[in-house]
Amino acid sequence: MNNSKSSAAPIDLRSDTVTRPSQGMRQAMANAEVGDDVMGEDPTVNRLEEMIAEMFGHESAVLACSGTQSNQMGVRVHCIPGDELLIHETGHIFNFEGGAAAALSGVSIRTLPGARGMLDLAELDGKVRVNDQHFCRTRLVCLENTTNLGGGCVYSLDQMQRVSEWAMEHQLKRHLDGARVFNAIVAGGYSAREIGQHFDTISICFSKGLGCPFGSMLTGSREDIAKARRIRKIFGGAMRQSGIVAAAALYALEHNVDRLAEDHRNAQVLADGLRTIDGITDVPTKIETNLVFFQLAPHVGTAVQFAGAMREKGILIGPMGGQRVRMVTHLDVSADDIQTILSATRDCFATGFANRPTTGKGPFSR
Ligand SMILES: *Cc1c(COP(=O)(O)O)cnc(C)c1O
């Protein structure tokens with residue numbers, strides 16, 4: 001088994017989480033040296049944690065099951081019940097984690113607007129509450145890089161630095177949801193270490209564009225990560241011979257980071273093709289990474305109807321509710337596939353899909 005698709009296998013653009021471990025990755029997993037990670041004795045996990053911490057210039061790192069878990073470990077490290085965190089209104093931590101900040105940590109969330117899923121001082125200034133018994137304690141600011149619902153956009157180093165300095169001035173902790181931080185690094189032209197200096201904790205996913213079956217990581221200071229380990233246990237995420245998945249992540253770091261540029265190129269070609277189709281609107285001119293969002297003109301039909309029509313042509317896409325569609329490129333989508341997707345899309349628009357069933361799957365969260 002490999003990534004190679006039989007002619008019947010669909011092209012899946014719903015998310016970069018749909019990637020399957022390649023033959024080489026499976027081999028690395030099969031050969032992994034393992035031990036009991038709760039006892040700190042899995043050499044492969046230890047190696048991955050050290051490597052990631054070093055890469056981001058942080059003292060320590062800890063493996064987690066999912067990005068939701070590593071984000072929420074970060075939230076709990078910095079906050080106590082009754083505290084408040086600041087985040088963009090489209091943020092994953094707020095929208096797609098099952099209300100975990102409230103459910104697991106008793107943390108209140110204050111959402112803020114901002115272009116492209118990003119926060120800057122214009123939105124943040126004045127949002128730190130006065131120290132008074134009436135108010136919750138503003139404690140944490142969370143950024144997302146790249147931004148998911150924001151359109152796969154990449155923060156500049158300057159912007160991260162501004163927010164970071166502002167947060168420190170106000171005694172706030174700084175967490176980065178870096179589910180797609182390697183996409184940001186490849187597209188942004190900066191290093192992991194340059195990002196790392198601006199955050200107290202960073203959550204990283206191996207299960208998106210990097211192609212691993214699961215696994216995430218939280219980086220930070222020795223003290224914060226020691227705390228995060230206790231929290232991971234409480235959240236049910238302390239695993240045993242986790243070297244199996246750490247080996248996949250090490251394989252991905254070696255083979256699947258630089259190639260993200262290919263996903264970004266494919267996404268741009270896809271967007272440029274989609275933009276020429278009558279009835280498709282709001283395709284950004286510049287696609288910064290691997291997420292392509294666009295709108296369907298109301299008269300052509302809804303996103304769910306379009307997804308149904310595309311599914312019959314062997315292409316799976318993510319209706320985001322209403323007229324909004326998301327297509328995601330990843331290592332199981334080739335440059336040839338992009339041409340197949342564009343011609344299937346043109347066919348759908350030529351035939352029309354406005355009279356199709358209006359119920360179906362969506363909106364997709366990732
Ligand atoms: C996918 C994603 C996560 C984590 O999702 P899991 O499915 O829990 O691994 C976190 N943040 C963002 C922005 C994401 O896109």
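Let me begin by describing the structure that accompanies this report. Keep in mind it's a predicted model, so treat the numbers as computed, not measured. (Residues numbered from 1 in each chain as written. Predicted model: local features only at pLDDT ≥ 70, side-chain atom pairs only at ≥ 80, totals over all residues. Heavy atoms only, no water.)

A few points about the overall build of the protein
If you tally the helices and strands in the protein, you get 14 helices and 13 strands. A compact globule built from 366 residues would reach a C-alpha radius of gyration of about 21 Å, and the protein, at 21 Å, matches this within 12%. Considered along the principal axes of its C-alpha atoms, the protein spans approximately 60 × 55 × 35 Å. Within the protein, the proportion of its 366 residues that are buried is 55%. Contacts in the protein between residues at least 24 apart in sequence constitute 74% of all its contacts with a sequence separation of at least 6. Accessible area of the protein: about 15,400 Å², with a carbon and sulfur share of 49%. With 37 positive and 41 negative side-chain charges, the protein shows a separation of 5 Å between the mean positions of the two kinds. (Helix = DSSP H or I, 4+ residues; strand = E, 2+ residues; numbered from the N terminus. Rg over C-alpha atoms; globule rule 2.2 N^0.38 Å. Buried < 20%, exposed > 50% of the residue type's maximum accessible area, 1.4 Å probe, protein only. Contact = heavy atoms within 4.5 Å. Areas by Shrake-Rupley, 256 points an atom, 1.4 Å probe, with all protein chains shown as cover. Lys, Arg positive; Asp, Glu negative; His and termini not counted. Charge placed at Lys NZ, Arg CZ, Asp CG, Glu CD.)

With respect to the sheet that holds strand E5 (residues 137–144)
Sheet architecture is open: seven strands sit in the order E2-E8-E7-E6-E5-E3-E4, paired in mixed fashion. Edge positions in the sheet fall to strand E2 (60–64) and strand E4 (108–112), since each has one partner strand and no second. Between one strand and the next, the sheet's axes are offset by a mean angle of 20°, whatever the strand orientation. Strand direction decides the pairing type here: E5 and strand E6 (residues 173–178), joined by five bridges, are parallel. Pairing of Val141 across the sheet is with Arg174, part of E6. In the packing of helix H3 (residues 67–78) onto the sheet, contacts are made with E2, strand E3 (83–88), E5, E6, strand E7 (201–205) and strand E8 (216–220), and the angle to E8 comes to roughly 25°. (Pairing = 2+ DSSP bridges. Axes fitted to C-alpha atoms, helices over the stretch in contact; angles between N-to-C directions.)

Details of the side chain of Asp224
Looking at where Asp224 falls in the secondary structure, it is placed in helix H10 (residues 222–234). For the buried Asp224, no salt bridge is present, and the opposite-charge side chain at shortest range is Lys227, 5.2 Å distant. Sequence-distant contacts of Asp224, that is, excluding residues within four places in its chain, are made with Val77 and His78. (Salt bridge = Lys/Arg side-chain N within 4 Å of Asp/Glu carboxyl O.)

Some details on the packing of aromatic side chains
All chains considered together, the criterion is met by four aromatic pairs. Consider the rings of Phe56 and Phe182, whose centres lie 6.1 Å apart with planes at 75°: the pair is edge-to-face. Linking Phe56 in helix H2 (residues 43–56) with Phe182 in helix H8 (residues 181–188), this pair joins segments that are 126 residues apart in sequence. Side by side, Phe56 and Phe182 carry an identical accessibility label, which is buried. Here the aromatic rings of Phe306 and Phe353 are separated by 5.2 Å at their centres, their planes lie at 35°, and the arrangement is tilted. (Phe/Tyr/Trp six-rings, centres within 6.5 Å; stacked < 30°, edge-to-face > 60°.)

So, the sheet that holds strand E12 (residues 318–319)
Across the sheet, four strands lie side by side as E9-E10-E13-E12; this open sheet has antiparallel pairing. Each having just a single partner strand, strand E9 (280–281) and E12 make up the two edges of the open sheet. In this structure, E12 lies alongside strand E13 (residues 324–328), joined through two bridges in antiparallel fashion. Bridging across to E13, Gly318 finds its partner in Arg326.

Remarks on the packing of H3 against H10
Where H3 contacts H10, the two axes come as close as 9 Å, and the packing angle between them is 115°. Regarding H3 and H10, the two cross each other, and that crossing is right-handed. The segment H3 lies against H10, with Met73, Arg76, Val77 and His78 engaging Asp224, Lys227, Ala228, Ile231 and Arg232. Class assignment for the residues of the contact of H3 with H10 results in four nonpolar, one polar and four charged. (Left-handed = near helix turned anticlockwise from the far one by under 90°. Nonpolar A, V, L, I, M, F, W, Y, C, P; charged D, E, K, R; others polar.)

Some words on helix H12 (residues 260–274)
End to end, H12 covers 21 Å across 15 residues, agreeing with the expected 21 Å (1.5 Å per residue, within 8%). Regarding H12, the residues found buried are Leu260, Asp263, His264, Asn266, Ala267, Gln268, Leu270, Ala271, Gly273 and Leu274. Taken together, the buried residues of H12 touch H8, E9, strand E10 (291–296), E13 and helix H14 (335–351). (Expected span 1.5 Å × (residues − 1).)

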